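Working through the structure, step by step
Here's the letter readout for the chains.
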Amino acid sequence: MLRRNEKVELIKRAPLFAACSKRELEQIAQIADEIDLREGKVMTKEGSRGREFFVLLEGKAEVTRDGQVINQLGPGDFFGEIALVSDSPRTATVTATSPVRTLVVTAGSFKRLLDDQPEIQRKVLVALAERLAPGAL
């Protein structure tokens, strides 16, 4: 099991949470669960509605779009953060290519946190707007 400060370090790497304070990151870390998944497990499916944000702790995963491999993920990599704030379809499929251990934050838990902590909500919305602005990566 990760200690809370280890969860914080992993979560703060996601651009969505870049402006959050240590205390706010700790609140996000409190709602993050550690889970183990088997090799071959589809973590996200292209076109389906997303409900989770993942940070890989151990293992590897493959990202595909339209059946083509577009990226390989390993420990410290994250995906699915847009699903925490939007009901938009997943843009890619992510499949575990080895057994993986991951941190998972569900959209429901995250939305409850945002309701309770409007400052986190504001920072996340600003980060989203910057990410979606013309010319953003």
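Residues numbered from 1 in each chain as written. Predicted model: local features only at pLDDT ≥ 70, side-chain atom pairs only at ≥ 80, totals over all residues. Heavy atoms only, no water.

Helix and strand content of the protein: four helices and eight strands. The secondary structure elements of the protein, listed N-terminal to C-terminal, are α-α-β-β-β-β-β-β-β-β-α-α. By the compact-globule yardstick of 14 Å for 137 residues, the protein fits well, its C-alpha radius of gyration being 14 Å. Oriented by its inertia axes, the alpha-carbon framework of the protein measures out at about 40 × 40 × 25 Å. In the protein, buried positions account for 44% of the 137 residues. Counting contacts in the protein only where the partners sit at least 6 residues apart, residues at least 24 apart contribute 73% of the total. When the accessible area of the protein is evaluated, it comes to approximately 7700 Å², of which 50% is carbon and sulfur surface. A distance of 1 Å separates the average location of the 21 positive side-chain charges in the protein from that of its 20 negative side-chain charges. (Helix = DSSP H or I, 4+ residues; strand = E, 2+ residues; numbered from the N terminus. Rg over C-alpha atoms; globule rule 2.2 N^0.38 Å. Buried < 20%, exposed > 50% of the residue type's maximum accessible area, 1.4 Å probe, protein only. Contact = heavy atoms within 4.5 Å. Areas by Shrake-Rupley, 256 points an atom, 1.4 Å probe, with all protein chains shown as cover. Lys, Arg positive; Asp, Glu negative; His and termini not counted. Charge placed at Lys NZ, Arg CZ, Asp CG, Glu CD.)

On to the nonpolar core, then. Counting residues in each nonpolar core, the largest one holds 24 residues, and the members touching the most others are I11, F17, I28, F53, L103, F110 and I120. Listed by contribution, the elements that provide at least two residues to this core are α1 (4-11), α2 (22-30), β3 (52-58), β8 (100-106), α3 (107-116) and α4 (118-132). Those residues in contact with I28 that sit more than four places away from it in its chain are I11, F17, C20, F110, L113 and I120. F54, F79, V94 and V100 belong to the second-largest nonpolar core, a separate cluster that totals 13 residues. (Core = buried A, V, L, I, M, F, W, Y, C linked by side-chain atoms within 4.5 Å.)

Moving on, we get to the sheet that holds strand β5 (residues 68-73). On the basis of which strands lie adjacent, the open sheet formed by four strands has the order β2-β7-β4-β5 and antiparallel pairing. The open sheet has two edge strands with one neighbour each: β2 (42-44) and β5. Strand-to-strand, the axes of this sheet are offset by a mean angle of 30°, without reference to chain direction. Where strand β4 (residues 61-65) meets β5, five bridges bridge the pair, whose relative direction is antiparallel. (Pairing = 2+ DSSP bridges. Axes fitted to C-alpha atoms, helices over the stretch in contact; angles between N-to-C directions.)

The relative placement of two aromatic rings is captured by the distance of their centres and the angle of their planes. Across all of its chains, the model carries four aromatic pairs by this definition. With centroids separated by 6.2 Å and ring planes inclined at 55°, the aromatic side chains of F53 and F78 adopt a geometry described as tilted. Pair noted here: F53 is in strand β3 and F78 is in strand β6 (residues 78-79), with a separation of 25 residues, a long-range link. The buried category is assigned to F53, whose relative accessible area is 1%. Residue classification places F78 among the partly exposed positions, given a relative accessible area of 25%. The structure contains a cluster of three or more aromatic residues connected by ring pairs, namely F17, F53, F78 and F110. (Phe/Tyr/Trp six-rings, centres within 6.5 Å; stacked < 30°, edge-to-face > 60°.)

On inspection of all chains with the given rule, the structure shows seven salt bridges. Here R101 and E34 are joined by a salt bridge, their closest N and O atoms 3.0 Å apart. Highlighted residues: R101 in strand β8 and E34 in strand β1 (residues 33-37), separated in sequence by 67 residues. Two residues, E52 and R90, come together in a salt bridge whose shortest N-O distance is 3.3 Å. One end of the pair, E52, is in strand β3; the other, R90, is in the loop between β6 and β7 (93-96), and 38 residues separate them in sequence. Take R90: its relative accessible area is 11%, and that puts it in the buried class. Ionic contacts of the salt-bridge type, sharing partners, join the residues E34, E58 and R101 into one network. (Salt bridge = Lys/Arg side-chain N within 4 Å of Asp/Glu carboxyl O.)

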